[in-house]
Amino acid sequence: MKKVSIQFKLNGVLRQLKAAPNDTLLELLRDKLGVKSPKTGCDRGDCGTCTVFMDGRTVRACLVLAPEADGREITTLEAISKNPSPLQKEFAKRNSFQCGFCAPGIVLSATELLKKNKRPTREEIQEAIAGNLCRCTGYTPIIEAIEAVAGKRGA
Ligand code: FES
Ligand code: FES
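The rules behind each value
- Residue positions are given per chain, counted from 1 along the sequence in the order it is written.
- Written order determines the labels here, with chains lettered from A and ligands numbered from 1.
- Confidence filtering applies because this is a predicted model: local features only for residues at pLDDT of at least 70, side-chain atom pairs given and counted only at 80 or more, and all residues used for totals across whole chains, interfaces and linings.
- Each helix is a run of H or I in the DSSP string that is no shorter than four residues. Each strand is a run of E no shorter than two, and both are numbered from the N terminus.
- Based on C-alpha atoms, the radius of gyration is set beside the globule rule, defined as 2.2 Å times the residue count to the power 0.38.
- Exposed residues have 12 or fewer other C-beta atoms within 10 Å of their own C-beta, buried residues have 20 or more, and partly exposed residues fall in between, where C-beta atoms are placed from the backbone.
- A fitted line through C-alpha atoms serves as each axis, taken over the contacting stretch for helices, and the angle formed by two N-to-C directions is quoted from 0 to 180°.
- An angle below 35 degrees is treated as roughly parallel, one above 145 as roughly antiparallel, one from 65 to 115 as roughly perpendicular, and anything else as oblique.
- It is the rotation of the near helix from the far one that decides the hand of a crossing: anticlockwise by less than a right angle makes it left-handed, clockwise makes it right-handed.
- Any two residues are considered in contact once their C-beta atoms, placed from the backbone, lie within 7 Å.
- Think of it as three bins: nonpolar holds Ala, Val, Leu, Ile, Met, Phe, Trp, Tyr, Cys and Pro, charged holds Asp, Glu, Lys and Arg, and polar takes everything else, Gly as well.
- Paired strands are those between which DSSP finds at least two bridges.
- Only buried residues count toward a nonpolar core: Ala, Val, Leu, Ile, Met, Phe, Trp, Tyr and Cys, linked into one set through C-beta atoms within 7 Å.
- Domain extents, as shown, originate in an automatic or database domain assignment.

Visitor: Explain the overall build of the protein here, please?
Guide: Across its full length, the protein holds seven helices and five strands. Moving toward the C terminus, one meets the helices and strands of the protein in the order β-β-α-β-β-α-β-α-α-α-α-α. Here the C-alpha atoms of the protein give a radius of gyration of 16 Å, agreeing with the 15 Å that 2.2 N^0.38 yields for 155 residues. When the backbone C-alpha atoms are referred to their principal axes, the protein occupies close to 55 × 25 × 20 Å. Expressed as a percentage of its 155 residues, the buried residues of the protein come to 40%.

In structure tokens form, the structure reads like this:
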């Protein structure tokens with residue numbers, strides 16, 4: 001398949017590369033650009049482990065084709081973690097994650113929620129991270145950390 005030239009800003013830096021039109025943004029990030037926080041889980045939009053910000057909104061990188069990323073601004077957990085947010089500190093303090101495979105996606109989904117909604121209810125938190133599957137924790141320590149940052153007490 002003929003490769004196409006694409007460019008996008010990745011964590012503030014302009015990146016230019018050639019990609020097959022059916023390469024996914026997830027493949028570009030992990031395999032060509034060495035960005036490992038977005039994980040390959042289901043590879044079909046179900047698990048949320050590949051979540052990144054595209055133009056400030058969360059997307060599933062496994063569902064974004066390379067040409068769709070052209071001209072966009074992509075932000076991954078690597079950029080956010082240079083200066084850990086109160087949310088990340090709260091997750092760490094509470095040991096909210098076990099294996100951590102889901103963590104990058106959940107951090108980005110929760111970050112997006114708290115940007116839009118400073119005082120989300122438990123239901124709104126559950127809804128915001130519903131697309132991010134976690135096999136380890138039962139979600140309670142994750143939700144409680146988000147609630148704590150939002151100024152609420154956990155259950
Ligand atoms: S790997 Fe993208 S949603 Fe599961
Ligand atoms: S901590 Fe293991 S999948 Fe969430």
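Let's pick the thread back up.
Visitor: How do you make sense of the packing of helix 4 (residues 86-93) against helix 7 (residues 140-149) when you look at a structure like this?
Guide: At a closest axis distance of 9 Å, the pairing of helix 4 and helix 7 adopts a crossing angle of 135°. As judged from the angle between their axes, helix 4 and helix 7 are oblique. Crossing of helix 4 over helix 7 shows right-handed handedness. Every residue of helix 7 that contacts helix 4 at P86, L87, E90 and F91 is listed here: A145, I146, A148 and V149. Among the residues forming the contact of helix 4 with helix 7, the class breakdown is seven nonpolar, no polar and one charged.

Visitor: Quick question: what am I supposed to make of the pairing of strand 1 (residues 4-10) here?
Guide: Side-chain direction in a regular strand flips from residue to residue, so the side chains alternate between the two faces of the sheet. In terms of strand pairing, strand 1 meets strand 2 (residues 13-19) through seven bridges, oriented antiparallel. Across the sheet, the residue bridging to F8 is R15, located in strand 2. Where strand 1 folds back on strand 2, the antiparallel hairpin that results is connected by two residues, among which N11 adopts a positive phi of roughly 50°. Where strand 1 and strand 5 (residues 73-75) come together, two bridges link them in parallel fashion. The partner of L10 across the bridge, within strand 5, is I74.

Visitor: Whenever I open this one, the nonpolar core confuses me. Can you help?
Guide: Grouped burial of nonpolar side chains is what soluble globular proteins tend to show. Counting 40 residues, the largest nonpolar core has L25, A61, I106, V107, A110 and I146 as its most contacted members. Counting contributing residues, this core receives three or more from each of domain 1 (4-79) and domain 2 (84-149). With sequence-adjacent residues up to four places away left out, I146 is seen in contact with L87, A110 and I125.

Visitor: Quick question: what am I supposed to make of unusual backbone geometry here?
Guide: Glycine aside, a negative phi is what most residues show, and trans is what most peptide bonds show. If you check the backbone angles, N11 has positive phi at about 50° while not being a glycine. With 18 C-beta atoms packed within 10 Å, N11 lands in the partly exposed category.

Visitor: Even after reading the chapter, I still don't get the sheet that holds strand 2, so can you show me in this structure?
Guide: Whether parallel or antiparallel, the strands of a sheet pair through hydrogen bonds between backbone atoms. The mixed open sheet is built from five strands, whose spatial order is 2-1-5-3-4. Taken across any chain shown, the strands that pair with only one partner, and hence form the sheet edges, are strand 2 and strand 4 (57-60). The mean inter-strand angle of the sheet, taken between neighbouring strand axes irrespective of direction, is 40°. Direction of pairing for strand 3 (residues 51-54) relative to strand 5: antiparallel, over a ladder of two bridges. Paired with M54 across the bridge in strand 5 is I74. The strands touched by helix 5 (residues 103-116) within the sheet are strand 3 and strand 4, with strand 3 carrying the most contacts at an inclination of about 40°.

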